[in-house]
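This is what each chain is made of:
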Amino acid sequence: MGRYVISSGHSLRNSGAIGYLNEVMEARRVVPRVAHYMRQLGHTVLEYHDNTGITVSENLNNIVRYHNSQTRDVDISIHFNAFSTTNQPRGTEVLYYDQSALAARVSKAISDSSGLINRGAKRRTDLYFLNSTARPAILIEVCFVDSSADVAIYNSKFEQICQAIAHSIVGAATPTPPPPTPGLPYGVRVTVDQLNIRSGPGSNYPIVGSITDRGSYTIVEEANGSGASKWGKLKSGAGWISLDFVEVTSTPTPPPPPPTGLPYGVRVTVDQLNIRSGPGSNYPIVGSITDRGSYTIVEEANGTGASKWGKLKSGAGWISLDYCQKI
Ligand SMILES: [Zn+2]
């Protein structure tokens, strides 16, 4: 189960935008409801509201300090937008530093659940919350406080919006089953001594068993989910496994075309990423990246322990591309 810290933007002593709604007060309504829906799914959620910050920098420091003091998987900040008073709808958007997929998913979920216009994911590298929290972070601008159309939707769909935020962050929303993938089923062999079986496609689902025989299994369905580049459903019905730790033994699916466009830039999305002397977790660790920085990949290769390995331009070695995002 995941751990999350969610905070309201601004402070009781330094309010945010004010229009038909008061941003700081509404953010304080949204945070506990989102936390409630996340807890219903079994996750641990910590909430934070700044009651003391007077200046903008005091406020931001209070919020970021709290987030960084907790053990958690994702940092979430709730805000409301403002531009100019209007009766036209403006919509919802989610700001991110390096979490474009998560931000897009949350923005779409809010829109789908409420009818707010989906303004989508927006990359912002200048926001202190996004660039100073140490874990993957998103900042949600629920709607515009100065759009009467947005505010009407928000008031009538408040619970749906909070639930959509919660479900889209933890990846538990599965409104439509994925279309059948050509090439399924196929055989795999487990390449690690112990592989968890989960009740759903994601590390946020409970562990319901484990595979310890490095045996051969049949995958009947694939899905995306947190914690692995791809999840596979076991034919036995026992549950789902991470396909990062299996080798395909029989596949009627033609392999994807080799990636082109080398070299390319990536940003590391974890706090600590090993550098290995070769493309595989079987190669010795020769260093590590701890700055979540940007790096150039000059070569790709398949190897154990990751869906793809990338060679650093610096010559320092190879890193798992599962923990990088192309930039
Ligand atoms: Zn704000």
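This is a predicted model, so every value here is computed, not measured.

K.L.:
How should the overall build of the protein be read in this particular structure?
P.N.:
Looking only at helices and strands, one finds six helices and 20 strands in the protein. Here the protein has a C-alpha radius of gyration of 22 Å; the compact-globule value for 327 residues is 20 Å, and the two agree. Relative to its 327 residues, the protein shows a buried fraction of 40%. Contacts in the protein between residues at least 24 apart in sequence constitute 67% of all its contacts with a sequence separation of at least 6.

K.L.:
I'm lost on the pairing of strand S10 (residues 216-225) in this one. Help?
P.N.:
The side chains of a regular strand alternate between the sheet's two faces. Pairing of strand S7 (residues 186-190) with S10, which is carried by four bridges, proceeds in the antiparallel orientation. Its bridge partner lying in S10, Gly187 is registered against Thr218. Bridge analysis of S10 against strand S11 (residues 228-234) gives five bridges, and the strand direction is antiparallel. Paired with Glu222 across the strands is Gly232, a residue of S11. Here S10 folds back onto S11, and the loop between the two strands holds two residues, one of which, Gly227, carries a positive phi near 90 degrees.

K.L.:
I'm lost on helix H3 (residues 100-114) in this one. Help?
P.N.:
Residues lying three or four places apart along an α-helix face the same way, a consequence of the helix completing one turn every 3.6 residues. In this model, H3 (15 residues) spans 21 Å end to end at C-alpha, consistent with the 21 Å of a helix rising 1.5 Å per residue. Looking only at H3, the buried set comprises Leu102, Ala103, Val106, Ser107, Ala109, Ile110, Ser113 and Ser114. Each buried residue of H3 lies within a common arc of 160 degrees when the element is viewed along its axis, so the set occupies one face. Buried residues in H3 make contact with strand S4 (92-96), strand S5 (118-123), strand S6 (137-144), helix H5 (148-156) and helix H6 (158-170). Phi turns positive one or two residues past the end of H3, at Gly115, with a value near 95 degrees.

K.L.:
Where do I start with the sheet that holds strand S1 (residues 3-11) in this structure?
P.N.:
Sheet strands associate in pairs through backbone hydrogen bonding, adopting either a parallel or an antiparallel arrangement. A sheet is described by the order of its strands in space; here six strands give the open sequence S2-S1-S3-S6-S4-S5, paired in mixed fashion. The sheet is open, and its two borders are formed by strand S2 (44-50) and S5, each paired with just one other strand. The mean inter-strand angle of the sheet, taken between neighbouring strand axes irrespective of direction, is 20 degrees. Summarising the sheet, S4 and S5 pair through five bridges and their orientation is parallel. By the bridge assignment, Val94 is partnered in S5 with Ala121. Those strands touched by helix H1 (residues 23-40) are S1, S2, strand S3 (74-81) and S6, and its axis lies near 170 degrees from that of S1.

K.L.:
Can you walk me through the confidence of the model for the protein in this structure?
P.N.:
Any residue range with low pLDDT should be treated as having predicted coordinates unsuitable for detailed reading. Counting all residues, the mean pLDDT for the protein is 91, and 94% of those residues have values of 70 or more. Ignoring residues within four places in sequence, the model shows residues 173-178, a span with pLDDT below 50, making four contacts including any to other chains.

K.L.:
Help me understand the packing of H3 against H6 in this model?
P.N.:
How two helices sit against one another is set out by the angle between their axes and by the gap between those axes. Contact geometry of H3 with H6 gives a least axis separation of 8 Å together with a crossing angle of 150 degrees. Between H3 and H6, the angle falls in the class roughly antiparallel. Judged by the twist between their axes, the crossing of H3 over H6 is right-handed. In this structure, H3 contributes Arg105, Val106, Ala109, Ile110, Asp112, Ser113 and Ser114 to the contact, and H6 contributes Gln160, Ile161, Gln163, Ala164, Ile165, His167, Ser168 and Ile169. When the residues that make up the contact of H3 with H6 are grouped by side-chain class, the tally is seven nonpolar, six polar and two charged.

K.L.:
Got a minute to help me understand the domain arrangement of the protein in this structure?
P.N.:
Buried accessible area, meaning the area lost when the parts come together, often serves as the stated size of an interface. Domain assignment breaks the protein into domain 1 (3-170), domain 2 (186-250) and domain 3 (264-326). The gap between the C-alpha centroids of domain 1 and domain 2 is 34 Å.

K.L.:
Could you clarify how one ought to interpret the nonpolar core in this entry?
P.N.:
Proteins that are soluble and globular tend to have nonpolar side chains buried together. Ranked by size, the top nonpolar core spans 53 residues in total, and within it Val34, Val106, Ile138 and Ile165 carry the most contacts. In terms of residues, this core owes the most to one element, H1, which gives eight residues. Every residue in contact with Ile138, bar those within four places of it in the chain, is listed here: Ile76, Val94, Leu95, Tyr96, Gln99, Leu102, Ala103 and Val106.

Reading the values: rules and limits
- Residues numbered from 1 in each chain as written.
- Predicted model: local features only at pLDDT ≥ 70, side-chain atom pairs only at ≥ 80, totals over all residues.
- Helix = DSSP H or I, 4+ residues; strand = E, 2+ residues; numbered from the N terminus.
- Rg over C-alpha atoms; globule rule 2.2 N^0.38 Å.
- Buried ≥ 20, exposed ≤ 12 C-beta atoms within 10 Å, placed from the backbone.
- Contact = placed C-beta atoms within 7 Å.
- Pairing = 2+ DSSP bridges.
- Expected span 1.5 Å × (residues − 1).
- Arc of directions from axis to C-beta.
- Axes fitted to C-alpha atoms, helices over the stretch in contact; angles between N-to-C directions.
- pLDDT = per-residue confidence, 0-100.
- Parallel < 35°, antiparallel > 145°, perpendicular 65-115°, else oblique.
- Left-handed = near helix turned anticlockwise from the far one by under 90°.
- Nonpolar A, V, L, I, M, F, W, Y, C, P; charged D, E, K, R; others polar.
- Domains from an automatic or database assignment.
- Core = buried A, V, L, I, M, F, W, Y, C linked by C-beta atoms within 7 Å.

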